[in-house]
Structure formats: structure tokens, C-alpha cells
Amino acid sequence: MATRPVIRVRGRSRRRTSVAALCCYKPGETARLIYRPRHHLLLKGARKSFSWQDYRDLLVRAHIQLDGPIVVVWDNLNTHLAAGLKKYEAEHDWLTTVRLPSYAPELDPVEAVWSLVRRAMANFAFETPHDLDRKLRRELRRIQLPPHLTDGCLTATGLAIDPPTPP
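Keep in mind the model is a prediction, meaning the values are calculated, not measured. (Residues numbered from 1 in each chain as written. Predicted model: local features only at pLDDT ≥ 70, side-chain atom pairs only at ≥ 80, totals over all residues. Heavy atoms only, no water.)

### Quick notes on the packing of aromatic side chains
In this structure the tally under the stated criterion is three aromatic pairs. When the centroid spacing of 6.4 Å and the interplanar angle of 75° are considered together, the rings of Y88 and W94 count as edge-to-face. Across this residue pair, the class does not change: Y88 and W94 are buried. Through a chain of ring-to-ring contacts, the aromatic side chains of F50, Y55 and W74 assemble into a single cluster. (Phe/Tyr/Trp six-rings, centres within 6.5 Å; stacked < 30°, edge-to-face > 60°. Buried < 20%, exposed > 50% of the residue type's maximum accessible area, 1.4 Å probe, protein only.)

### A closer look at the environment of R142
Position of R142 relative to the elements: it lies in helix α4 (residues 129-144). Residue classification places R142 among the partly exposed positions, given a relative accessible area of 38%. If we skip the residues at most four places from it in the chain, R142 touches L116, A120 and L149. (Helix = DSSP H or I, 4+ residues; strand = E, 2+ residues; numbered from the N terminus. Contact = heavy atoms within 4.5 Å.)

### Observations concerning the pattern of salt bridges
Going through the model one piece at a time under the given rule, you end up with nine salt bridges. A salt bridge links K26 to E29, with the nearest nitrogen and oxygen atoms 3.7 Å apart. In this structure, K26 and E29 share a single accessibility class: exposed. A salt bridge links E91 to K87, with the nearest nitrogen and oxygen atoms 2.9 Å apart. Separated by four residues within a single helix, E91 and K87 lie in helix α2 (residues 83-91), roughly one turn from each other. Residue classification places K87 among the exposed residues on the basis of a relative accessible area of 52%. Taken together, the shared-partner salt bridges in this structure form one network comprising R36, R56 and D57. (Salt bridge = Lys/Arg side-chain N within 4 Å of Asp/Glu carboxyl O.)

In C-alpha cells:
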């Protein structure tokens, strides 16, 4: 069995980069990808991933950018299930949440975004964390600009967004 090579990245600060993204769809409108990278310093006791407050801030940003109510389809990441985020969801009538089944990445359009990003970044060796961040942002922007790529991420799930039927 072959072993995967590990390349150490040297830089002044040791940090980890996390990215959260929302694929946004509305019948009759252009699909949108809204994302937010975040850097975490690798210090003892420091958080190494998005907090529920980071997800809340991303939802607020999306609400402002989209200028309307939002229906969010969450996977079951433990942070998405946090009490603080659930409380925030309950307090805001512009926000409706739906949970995916326990393990159903094939139903999450954002998983297709990560697949596109991973494919584009495969076989790159980054000299610094800044180089990695720059490439990551470039690839997310490449997916974000032509809406057909974000549309394709929904198509890959086999799901469809149907306009609401009038009463």
C-alpha cells in the first residue's frame, strides 16, 4: 500500500484555515455562493474550527446580501446543532432551518463546492500559509462568479428548488 507524502509548510505563524459556505438558490434568480474563510491560530486551548457565532455571522451576512428571508438546509455538524445557534434561529423570523438526514453529504450542494475546490488544489505544494489562502480564495471566487457552477452543485444533489405554489 502506498503512503501519502506529507509536506510541511513553513511560515511565521502556525495557523489553520477554515471555510464556511452557503449555496443560495431562489427560483428565477441567479444562484449565489457566499463564503467566509477564517484563520485559527494553533495555540493550546484555541478553537480550531468555526464557532456557532461564526455561522450566525455568516447567516446575517447572507440575509443582508440577499435582502430577504432565508431557508437554510443544515447538515448535522455539531456546531450547527449548538444551543446558541438554535436559540438565534428561533428568535429571527427571517431565518428558517431544515436539517438533512444524519449522514447525507450527497444532498448538500456545498459538498460539491468542496469537491471542486479540492480538485483544483490537488497536487499543489504551498510554500507559505498565505499562498494556500490565496489559492483557496481564487478557487472559491472561480466557482462563485459563473452561476452555472453553483447551479451544478444543486443539480449534483438530485434536488430541485420549486417556486412556492400560490394559495
